[in-house]
Structures are given as structure tokens and as C-alpha cells.
Amino acid sequence: MARIPNGPLSIAAITFLLATARLGAQAPTTSADIQDLQYDVTFDRTTSAARTMKVAMTFTAAGSGPVVLSLPEWTPGAYEISNFARWVLEFAAKGDGRDLAWTKQDYDTWRVDPAGTKKVTVSVTYVADSLDNAMAWSRRDFLLFNGTNVFLYPEGRPLAFGARVTVHTEPEWRVVTGMHNDGANSYRAMNYHDLVDMPFFIGRFDLDSAQVSGKWVRYATYPQGSVSGVARLTAWDQIKRVIPPEVAVFGEAPWEHYTVMQIADSSYQGASGLEHQSSHVDVVSPAAIGSQFQPSLYAHEIFHAWNVKRLRPADLWPYQYDRAQPTPWLWVSEGITDYYADLAEVRGGVIDENGFYAATAAKMREVDQTRPVSLDDASIDTWIHPVDGTQYTYYAKGSLAGFMLDIMIRDASDNRQSLDNVMRDLYTTVYKAGRGFTATDWWSAVSKAAGGRSFSDFNARYVEGREPYPWDRVLTLAGLRATRPTAPRLGVYTLLDTGGVLVTRVEEGSSAAAAGVREGDYLLAVGDIPVSDEQFGEHFRAKFGTAADGSPLIVKVRRGGQMVSLTGKLRFAPGDIILGADPKANAKAVRIRNGILKGS
Ligand SMILES: [Zn+2]
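Keep in mind that this is a model prediction, so the values were computed, not measured.

A. Spotlight on the sheet that holds strand β11 (residues 142-145). The strand order across the open sheet formed by four strands is β10-β11-β17-β14, and the pairing between neighbours is antiparallel. Unpaired on one side and paired on the other, β10 (137-139) and β14 (174-177) mark the two borders of the sheet. On average, each strand axis in the sheet is tilted by 10° relative to the strand beside it, whichever way the strands run. Where β11 and strand β17 (residues 200-203) come together, four bridges link them in antiparallel fashion. Paired with Phe145 across the two strands is Phe200, which belongs to β17.

B. Region of interest: the pattern of salt bridges. In the structure shown here, the tally under the stated rule is 27 salt bridges. Taking the shortest distance from any N to any O, the salt bridge between Glu170 and Arg45 comes out at 3.1 Å. Residue Glu170 is located in the loop between β13 (163-168) and β14, and its partner Arg45 is located in helix α2 (residues 45-49); the two are separated by 125 residues in the primary sequence. Connected via shared salt-bridge partners are Arg45, Glu170 and Glu172.

C. Spatial organisation of empty space enclosed by the protein. As enumerated under the stated definition, the model contains three cavities of 30 Å³ or more in all. Considered as a void within the structure, the second largest cavity measures approximately 50 Å³ in volume. Taken together, Gln262, Ala271, Val284, Ala288, Ile289, Ser291, Phe293, Gln294, Leu297 and Tyr298 make up the full set of residues lining the second largest cavity. With four residues, the top contributor of residues to the lining of the second largest cavity is helix α6 (residues 293-303). For the lining of the second largest cavity, the class distribution of residues is seven nonpolar, three polar and no charged.

D. Broad picture of unusual backbone geometry. Pro223 follows Tyr222 through a cis peptide bond whose omega is -5°. By the element assignment, Pro223 lies in the loop between β19 (215-222) and α5 (230-250). Put simply, Trp317 and Pro318 share a cis peptide bond, and its omega is -10°. Despite not being glycine, Ser213 shows a phi value in the positive range, around 50°. The residue Asp414 is not glycine, and still its phi comes out positive at about 50°. In this fold, Asp414 is placed in the loop between α10 (393-412) and α11 (419-429). On the basis of relative accessible area, Asp414 is assigned to the partly exposed category, the value being 27%.

E. Structural view of the pairing of strand β9 (residues 119-127). Here nine bridges tie strand β3 (residues 52-61) to β9, and the two strands are oriented antiparallel to one another. What sits directly across from Thr58, in β9, is Thr121. One ladder, built from seven bridges, connects strand β5 (residues 88-95) with β9; its direction is antiparallel. Bridging from a neighbouring strand, Ala93 pairs with Val122 of β9.

F. Summary view of the pairing of β13. Where strand β2 (residues 34-42) lies against β13, six bridges are found, and the strand directions are parallel. Counted as the bridge partner of Leu37 is Ala163 from β13. Pairing of β13 with strand β16 (residues 186-189) involves four bridges; the strand directions are antiparallel. Considered in β16, the bridge of Thr166 is made with Ser186.

G. The arrangement of the packing of aromatic side chains in detail. One pass over the full model with this rule turns up 54 aromatic pairs. On the basis of an interplanar angle of 50° and a centroid distance of 4.6 Å, the ring pair of Tyr39 and Phe151 is categorised as tilted. Taken together, the residues span a long stretch of sequence, with Tyr39 in strand β2 and Phe151 in the loop between α3 (147-150) and β12 (153-154) at a distance of 112 residues. A residue is classified by how much of its surface remains accessible, and Phe151, at 0% relative accessible area, is buried. Where Phe455 meets Phe458, the ring centres are 6.2 Å apart and the plane angle is 75°; that geometry is what we call edge-to-face. Residue Phe455 is classed as buried on the basis of its relative accessible area of 4%. Cation over ring: Arg558 sits above Tyr522, and NZ or CZ is 4.7 Å from the ring centre.

H. Expanded view of the environment of Thr42. Relative to the assigned elements, Thr42 resides in strand β2. A relative accessible area of 21% places Thr42 in the partly exposed class. Residues Thr42 and Thr52 lie ten residues apart in sequence; the distance between their C-alpha atoms is 9.3 Å. Ignoring sequence-local partners within four residues, the contact set of Thr42 consists of Thr47, Met53, Lys54 and His168.

I. Seen up close, helix α13 (residues 456-463). All buried positions along α13 are accounted for by Phe458, Asn459, Tyr462 and Val463. Looking down the long axis of α13, one finds its buried residues gathered within 105° of arc, a one-sided arrangement. Turning to α13, the residues buried within the fold contact α7 (330-347), α9 (375-381), α10, α12 (439-449) and α14 (471-477).

Calculation notes
- Residues numbered from 1 in each chain as written.
- Predicted model: local features only at pLDDT ≥ 70, side-chain atom pairs only at ≥ 80, totals over all residues.
- Heavy atoms only, no water.
- Pairing = 2+ DSSP bridges.
- Helix = DSSP H or I, 4+ residues; strand = E, 2+ residues; numbered from the N terminus.
- Axes fitted to C-alpha atoms, helices over the stretch in contact; angles between N-to-C directions.
- Salt bridge = Lys/Arg side-chain N within 4 Å of Asp/Glu carboxyl O.
- 1 Å grid on protein atoms, 1.4 Å probe; cavity = no way out; pocket = protein on both sides within 12 Å on 5 of 7 lines; lining within 4 Å.
- Points joined across faces, edges and corners; volume = space filled by probe spheres on them.
- Nonpolar A, V, L, I, M, F, W, Y, C, P; charged D, E, K, R; others polar.
- Buried < 20%, exposed > 50% of the residue type's maximum accessible area, 1.4 Å probe, protein only.
- Phe/Tyr/Trp six-rings, centres within 6.5 Å; stacked < 30°, edge-to-face > 60°.
- Lys NZ or Arg CZ within 6 Å of the ring centre and 35° of its normal.
- Contact = heavy atoms within 4.5 Å.
- Arc of directions from axis to C-beta.

This is how it looks when you write it as C-alpha cells:
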């Protein structure tokens, strides 16, 4: 998953999720055996008018006793309990054409009595109105759904069963999914895990494809025309640049084909991606198309095809759909994925070395501004969406932990080994052996790449512990340095609204405080810099960077409809962290720096 801020869930919503999660602790029941599973999905002009889809599950009742069928509580990658049964509108069961009796066993489980019949069809009408990449969402001409939302599974039985999916839709509408296509609108999955890891787009959307790293990659975007012309060429260029450096880490593109599936909708703030083994789904605000964040989102989600969809913590192996699966390893599965998104961008030439430094410095600032939390705790806590600001810390902080490990491994091996070796080692041994990685697997692979060096102290301080990262020592090894040059500091937090640039907070001891700027003022001018958008800070620092601390500063604001001119004093303070190459780096450090940037 990757997100940029899109408004937190309300407290009420979170409380509801937790309450329902507790209610779900029912005694497990094993379903009678069922075979020859077939799912029929119907989405056409009729169902779309009601923002619904219909799903029929047909099977042979092979055992005796009731068939107990459940819907998942969550979609892997979106670490929160959603209870997809909430959106089931109608449920029906038929055996050999006759209505069958059924009851609900708990909120997401149905108990169907086949009453001696063999060919059973269970059907649901499902409400597809949630604009979320883990859920189902429709328009008059389009549907996104995840298998976790609608594909029932037999409770308590192995999930190794294969299944066929047939899509019934308007003849001129398209279907795209990462699932293996068997011809017409028929698809086949080898087991339930694959079945629910391959979301579908059905309807009218743009779709094209290209060969990247020897496999077909498709780009599906809704609505039609939302990514066109130069924007589409740019997106394709980014996809073609970020995939090969990622393939180089692991030595193979693990998919039959890969599909980037994207929805742009003006009701959505920010951007969010959700990974799968052969596709990912992005939901973005139209403003995110062509933004700096776009290639980093694609690179992040695609890297997940290896890191988390295949190479995965043992806590998440296999996925369990009826409960939360907390793990302390999201700093690797999400954080290190985000480190490799930056590396894929710089190694693929989407950004240059300065772009990589800027992205890394932004993560350092984010960690700096978040209360200290251990990577383990932040990973585990994500399921409860803590409100203390640490909810997604494992992305930035985990990314930086990966960056530090990369530097330390390269330092220990004189740049002959790197974090790339760790990732490939675990992928080819642990994942290919059909299991998830443990703490021993992880730290052994890190230690091996670093020539046997122990990382137990690193783990105690920076993964399980809350100590600040030792940047001065580690960055030197890679010929880098972080500085916080002092800069003029106005000291206001602002928000752009219909009235202009609104002051929401004034820092104590800042230039703005000295001038008497108040919360609720609209900024009009700072010195002779007019303020019309939130970019004025850059102009302010550029203009007054060489002025003397304490020199007079006029700030003009609108306060209660009146124009007010305030006189204060310019104040300097340590500015943002800036990361850059150290001109005094030794030859070994330069080799390490180049190794990180070039993947060598
Ligand atoms: Zn992610």
C-alpha cells in the first residue's frame, strides 16, 4: 500500500471496526467439502444503474452436512478490518434448481443446507459504491472489484482449490485483471489466494500494453481520457524506467503479465495504491496525474510484486481472511519497498541523484517531525489506525532503515554486497521454498551480506528501540552529509481556502509571532512578497536569506475584513534537513554512493 494524505478515517469509524472485529470471535466451523468451484460475475447496464454487481458461486456438494461459506474481513495489503459482508444486499441458495434453506452463522458466514442436492448455486447482490482500492466501486459504465469483497470460501477447509471466473457484461465493455485468461471472459485461478489477489476492471476504460523486461505490461485507466496525450506517454515512460531496475534486484519478472490499474476521481483526495502479485490498483485525485508522486507510486506498488506479495513475513503466510494478521515486519514489507521505489526511480533515470537526495531528506524530515516510535510497534499498530501521528511511520522510517542497512552492508563488503543481495537471497531461498521469512532468516541474510557482521545492536536500537538514527556516522560511509542550514523562518502554518492563505498556527519566537500575526489572519504580503498561494515560503527564504537576523519585517494581513500592517523582526532558525554529496568523501565512500545510485 502507499498513500499520500487523503483524510483520516473518523474515530467513530475506527471504533466501529474494532467493535465488529471483537464480535467476530466465533467458534470455527468446518464446511462440508465442495468441488468444481465456478464464480459468475455479472455487471451490466442494469446492475450498474443500482451500483451493484451480482456474483453466483456454483459448486458440487461433495460431503455431507451444511456448507459453511464466508467472506473475507480484509484485503491483504490494506491492513484494516473492513468486513465485506456489510455490502451484501441479497443472499440466495439453490440446489438442483430448488431453493435451499440457509441461516447466518455470524456476520460474514452463511450456513447452507444442500438437503441432498449436488449442484448448488449461491448468489449475492453486492453494493459497489466504495471508492477504495481494497473494495468495490462502480459507475454507470465501470466497475472495480476485489475478489476479497465477493468470492465466498468454504470455512475451515484448505484454500488450495482452483476456481474459474466468468464475467457477464455488455458486449462492448472491456474486462481486465491479472488473472490467467482462458478465452472470452473466462479466467482461472490455481487457488483461493490467487483468486482474491486479482482485482477486476469491467466497463469502459483506456487500455494499452507494452513489453517491459520481456513480459507484457498493461496500463488500464478510468475514466476514458483521464490519462491521455503527453500524460499517458509520461506514465508509460515512468513504468518502463522503474521496472527493469526492480527486476535486476531479484533476477526475474515473476508475473505472466502485469497490469497497472488506475482510477482518477475528483471526489478522491491524494493518491493511494494497493499491490497484488500481477497488478496493482491506484485510486488518485486527477491532480496526482503527472505529479512527482506518480512514478514513486508505480515503482512502490510494482516492487511489492516481489516484496510482500511473494517474499513475505511468516506472520502473513498464508494469508488468513477471517482475522487481522499483525506483523512487526511492515518496515521491511512497506518501508524497504519504499526505499526501492526511490532506487528504481534514480537507477531508471526518472529522477537524478539530487531527486533521490530530496526524497530521502523528505523521509528524514517526516521521521523528525513524528513522535519516536519503534519500527516493530508502528508496524503492528497500523491495524488500529493510531491517532498519535505514527500510523504510517513505518513507510518513511522503514525506508531509512533499509537505506542505513544498505550503506552498512556496502561498507562491510567494500561495495561488493548490498541490500539487493539480501532481497534476492531471501526471495530465492525463503520464498521459493514456499514459506514466509522469520527474524532469523532476515538478520542472517543481512549479516551474511555484510561478511558476518552482527546487527543485533542495530536491531535493538533502531528496529525494536526508539533511538534516533545515527546519520552523522552512517552517511559519511556513503559519501553523503545532512545539514540543516539556518534560514529566515516566518513561523506560520497555513491553509489555502477560498479567502486566501489562512494562518492556522503561529510558532512561538518566530518572525510572525514577533510581528503579532494571529491564527485566523489571512496573509497578504510578507516584506514586499505578495502572498497568493502556499509557495510564498520559498520566495521568503530566497529573498531574506542574506538579510541580518533582527532586521525589520512588515507583514500585511487581512483580519476581520480589515487590512492590517504589522511590523516585526526577521528571525532565523535551523531550516529543513538537506541531504547531499559530501565533497570530502573518500574513494570508498564514493564507490558506495555510486553503488546505491546505480545499483552496482
Ligand atoms: Zn506499499
